Amino acid sequence: MTTPFSVTLPSGETWTPTFVTELDDEKCIGCGRCFKVCGRGVLELVGLTADGERISVNPDDDDDDEEYEKKVMTIAHQELCIGCMACASICPKKCYSHAKTMV
């Protein structure tokens, strides 16, 4: 039988982290809020072309580039996620899906 991975905090409370699994490109507006709150390097801002190709962009660049249709966030390094859900908490469009890890 598998159970969700959980941690006992110093307070004695049990915390079960939920790790990022997906990000909905259709909902994402590329605002970058999630990128700014994630200190783990999980996310990357990319530009989507009309053909659906992903182009790396600078998150600090406010200029709209003609190479892509819109900016969206992507999960670049899922393995670095610590399950804090800060990205989902700050996302105005609720683009994120998270899941528990079973052990």
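Provided above is the structure to which this section pertains.
Residues numbered from 1 in each chain as written. Predicted model: local features only at pLDDT ≥ 70, side-chain atom pairs only at ≥ 80, totals over all residues. Heavy atoms only, no water.

Here's the deal with the overall build of the protein chain
Part 1 of the reasoning: Scanning the protein chain from terminus to terminus reveals two helices and seven strands.
Part 2 of the reasoning: The linear arrangement of helices and strands in the protein chain, starting from the amino end, is β-β-β-α-β-β-β-α-β.
Part 3 of the reasoning: Counting only C-alpha atoms and orienting by the principal axes, one finds that the protein chain spans roughly 50 × 25 × 20 Å.
Part 4 of the reasoning: Across the 103 residues of the protein chain, 30% fall into the buried class.
Part 5 of the reasoning: For the protein chain, the share of sequence-separated contacts (at least 6 apart) that also reach a separation of at least 24 residues comes to 67%.
Part 6 of the reasoning: When the accessible area of the protein chain is evaluated, it comes to approximately 6,900 Å², of which 48% is carbon and sulfur surface.
Part 7 of the reasoning: Here the protein chain carries 10 positive and 18 negative side-chain charges, and the mean point of each set is 11 Å from the other. (Helix = DSSP H or I, 4+ residues; strand = E, 2+ residues; numbered from the N terminus. Buried < 20%, exposed > 50% of the residue type's maximum accessible area, 1.4 Å probe, protein only. Contact = heavy atoms within 4.5 Å. Areas by Shrake-Rupley, 256 points an atom, 1.4 Å probe, with all protein chains shown as cover. Lys, Arg positive; Asp, Glu negative; His and termini not counted. Charge placed at Lys NZ, Arg CZ, Asp CG, Glu CD.)

Side note on empty space enclosed by the protein
Any empty space left between the atoms is revealed when a probe the size of a water molecule rolls over them.
Part 1 of the reasoning: What the rule picks out here adds up to one cavity of 30 Å³ or more.
Part 2 of the reasoning: The calculated volume of the largest cavity comes to roughly 90 Å³.
Part 3 of the reasoning: As for the largest cavity, its lining consists of 15 residues, and the residues nearest its centre are Cys28, Cys31, Cys34, Cys91 and Cys95.
Part 4 of the reasoning: In the lining of the largest cavity, the residues fall into eleven nonpolar, two polar and two charged. (1 Å grid on protein atoms, 1.4 Å probe; cavity = no way out; pocket = protein on both sides within 12 Å on 5 of 7 lines; lining within 4 Å. Points joined across faces, edges and corners; volume = space filled by probe spheres on them. Nonpolar A, V, L, I, M, F, W, Y, C, P; charged D, E, K, R; others polar.)

Thoughts on unusual backbone geometry
Part 1 of the reasoning: Despite not being glycine, Met85 has its phi angle at roughly 65°, a positive value.
Part 2 of the reasoning: Its place among the elements puts Met85 in the loop between strand S6 (70-75) and helix H2 (86-90).
Part 3 of the reasoning: Residue class for Met85 comes out partly exposed when judged on its relative accessible area of 31%.
Part 4 of the reasoning: At Lys94, a residue that is not glycine, the phi angle is positive and equals roughly 55°.
Part 5 of the reasoning: With relative accessibility at 52%, the residue Lys94 sits in the exposed group.

None of the figures reported here should be taken as evidence of function without further support.
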